[in-house]
Amino acid sequence: MSPATIITFANQKGGVAKTTTALNLACALAESGHKVLCIDMDPQGNLTMSQGIDPEDLPCSIFDVLVDGIDIREAIYKREIDIAVGSIDLAGAEIALSSKIGRERALSKAIAPIRDDYDFICIDTPPSLGLLTINALTASNKVIVPVQCEYLSMRGLAQLQSTVRMIKEDLNPSLEIEGILPTLVDTRTLHAKEALELLEEHFGDRVFASRIRKTVRFAEAPVRGMSVLKYDPTGTAAGAYRALAEEVLHGR
Ligand SMILES: Nc1ncnc2c1ncn2[C@@H]1O[C@H](COP(=O)(O)OP(=O)(O)OP(=O)(O)O)[C@@H](O)[C@H]1O
Ligand SMILES: [Mg+2]
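Predicted model, so just to flag it, every value in this text is computed and none were measured.

J.: I'm lost on the side chain of Thr21 in this one. Help?
T.: With respect to the helices and strands, Thr21 occurs in helix H1 (residues 18-31). With a relative accessible area of 0%, Thr21 lands in the buried category. Only 2.6 Å separates the side chain of Thr21 from the backbone oxygen of Ala17, close enough to count as a polar contact. The residues touching Thr21, leaving out its near neighbours within four places in the chain, are Phe9, Ala26, Pro146, Leu181, Thr183, Tyr241 and Leu244.

Rendered as structure tokens:
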């Protein structure tokens, strides 16, 4: 098996559907026969929770992997996809890592021994461009940027692009922005339509053709510890992430 494609989901703005996209795209890729690992790099532990695992009650999490060099396999649980769990401890990981040599490469190093075991590794990040997100970007080939289709949400993209550029120059030359994903799209409003046009004007064909519309299914599924693909397999929400998986697999 060739080494996994590693995709980070990043946007320093909160609540733009990073976690929702990491999980549901991962599940759509798994559904189409790929072996997928998700990694929860967010101290909020939302990805971990959305697979029905309590991030406050874990013997070993990605914190122990990053900071104490524990084998990542110790932090992997088997659910709809495999998941390397996050925990609240991660809030202290940036400080714990900051004095270490190779602090930006801790995740990359941790993933190396298992990279051949998966087709895709999907990394969820916190809403910041701090050391945890930098570790994720340094370990990845690709970044997917979920963006809420509102004018103010799009303003922060320049900062993210400049971070990606710096990481590409100094830490990881193979990093590319795979695409920008419009999320929480409310097709009924003129504002959403205008915001989408603006996004396409600025980023052209880097914007995915898939659009993720607003629906309450995305809030309901994590409560059951499931992806929307499992919670409502025939719904439009599941369909949207299957379409995104097709774009990731075969290009736009
Ligand atoms: N398409 C959608 N329609 C409606 N609600 C959605 C949609 N996508 C995500 N949500 C909901 O919006 C909220 C934020 O989503 P999510 O947690 O994925 O964002 P995030 O970018 O990971 O947030 P954070 O920055 O805090 O990590 C969640 O309650 C989620 O269930
Ligand atoms: Mg999140």
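J.: What exactly am I supposed to notice about unusual backbone geometry here?
T.: What you tend to see is this: most non-glycine residues have negative phi, and most peptide bonds are trans. The phi dihedral of Ala17 falls on the positive side, at around 85°, and the residue is not glycine. With respect to the helices and strands, the residue Ala17 is situated in the loop between strand E1 (5-9) and H1. Judged by relative accessible area, Ala17 falls into the buried class, the value being 16%. Unlike most non-glycine residues, Leu184 shows phi in positive territory, near 50°. Relative to the elements of secondary structure, Leu184 occurs in the loop between strand E7 (176-183) and helix H9 (190-203). On the basis of relative accessible area, Leu184 is assigned to the partly exposed category, the value being 28%.

J.: Just checking my understanding: could you explain the sheet that holds strand E2 (residues 36-40) for this structure?
T.: If you trace the seven strands from one edge of the open sheet to the other, you get E3-E4-E2-E5-E1-E6-E7, paired in mixed fashion. Each of the sheet's edge strands pairs with one partner strand only, and the pair in question is strand E3 (76-78) and E7. In this sheet, neighbouring strand axes are inclined to one another by 25° on average, regardless of whether the strands run parallel or antiparallel. Taken strand by strand, H1 contacts E1, E2, strand E5 (120-124), strand E6 (142-148) and E7, and its axis lies near 165° from that of E5.

J.: Would you take a moment to explain the layout of surface pockets for this structure?
T.: Where empty space is left becomes clear once a probe the size of a water molecule has been rolled over the atoms. Roughly 450 Å³ of volume is contained in the largest pocket. Taken together, 29 residues make up the lining of the largest pocket; nearest its centre are Val16, Ala17, Lys18, Thr19 and Thr20. When contributions to the lining of the largest pocket are tallied by element, the ones reaching two or more residues are H1 and helix H10 (217-223). At five residues, the largest contribution of residues to the lining of the largest pocket is made by H1. What the second largest pocket holds in volume is close to 270 Å³.

J.: How do you make sense of the site of ligand 1 when you look at a structure like this?
T.: Residues in close proximity to ligand 1 total 18 residues, the closest being Lys18, Thr19, Thr20, Arg213 and Thr215. In this structure, an oxygen atom belonging to ligand 1 sits 3.0 Å away from a main-chain N or O atom of Gly15. Phe218 places a main-chain nitrogen or oxygen 3.0 Å from an oxygen atom of ligand 1. Computed on the free molecule, ligand 1 has an accessible area of 630 Å², of which 80% lies beneath the protein chains in the complex. Here ligand 1 is seated within the largest pocket. Counting only elements with at least two residues in the shell around ligand 1, the list comes to H1 and H10. The element contributing the most residues to the shell around ligand 1 is H1, with three residues.

Reading the values: the criteria
- The residue count restarts for each chain, going from 1 along the sequence in the order it is written.
- Throughout, the order in which chains and ligands are written sets their labels, letters from A for the former and numbers from 1 for the latter.
- Thresholds applied to this predicted model are a pLDDT of at least 70 for local features of residues and 80 or more for the giving and counting of side-chain atom pairs; totals over whole chains, interfaces and linings are not thresholded and use all residues.
- In computing side-chain values, all of the structure's heavy atoms are included and hydrogens and water are not.
- Comment: elements are numbered from the N terminus, with helices defined as DSSP H or I runs of at least four residues and strands as E runs of at least two.
- Partly exposed describes any residue whose relative accessible area lies between the buried limit of under 20% and the exposed limit of over 50%, with all areas from a 1.4 Å probe on protein chains only and scaled to the type maximum.
- Throughout this description, a polar contact denotes any pair of N or O atoms lying within 3.5 Å of each other; where both atoms belong to protein, one of them has to be capable of donating a hydrogen while the other can accept it, and for residues adjacent in sequence the pair is counted only when both atoms sit in side chains.
- Note on contacts: a residue pair qualifies if any of its non-hydrogen atoms lie within 4.5 Å across the two residues.
- Only strands joined by at least two bridges in the DSSP assignment are considered to pair.
- Here an axis means a line fitted to C-alpha atoms, over the contact stretch when the element is a helix, while the angle between two N-to-C directions is reported on a 0 to 180 degree scale.
- With a 1 Å grid spanning the protein atoms alone, the term cavity applies to any set of points in which a 1.4 Å probe fits but cannot get out, the term pocket to an open set with protein on both sides within 12 Å along at least five of seven lines, and the term lining residue to any residue with an atom within 4 Å of a point.
- Grid points are joined across faces, edges and corners, and a volume is the space filled by probe spheres set on the points.
- Here, proximity means that at least one heavy atom of the residue falls within 4 Å of the molecule or strand.
- For every accessible area listed, the method is Shrake-Rupley and the probe measures 1.4 Å; residues are considered covered only by the protein chains on display.
- To decide whether a molecule occupies a pocket or cavity, check its atoms: if more than half lie within 2 Å of the grid points, it is inside.

Function cannot be read off these values alone, since they describe shape.
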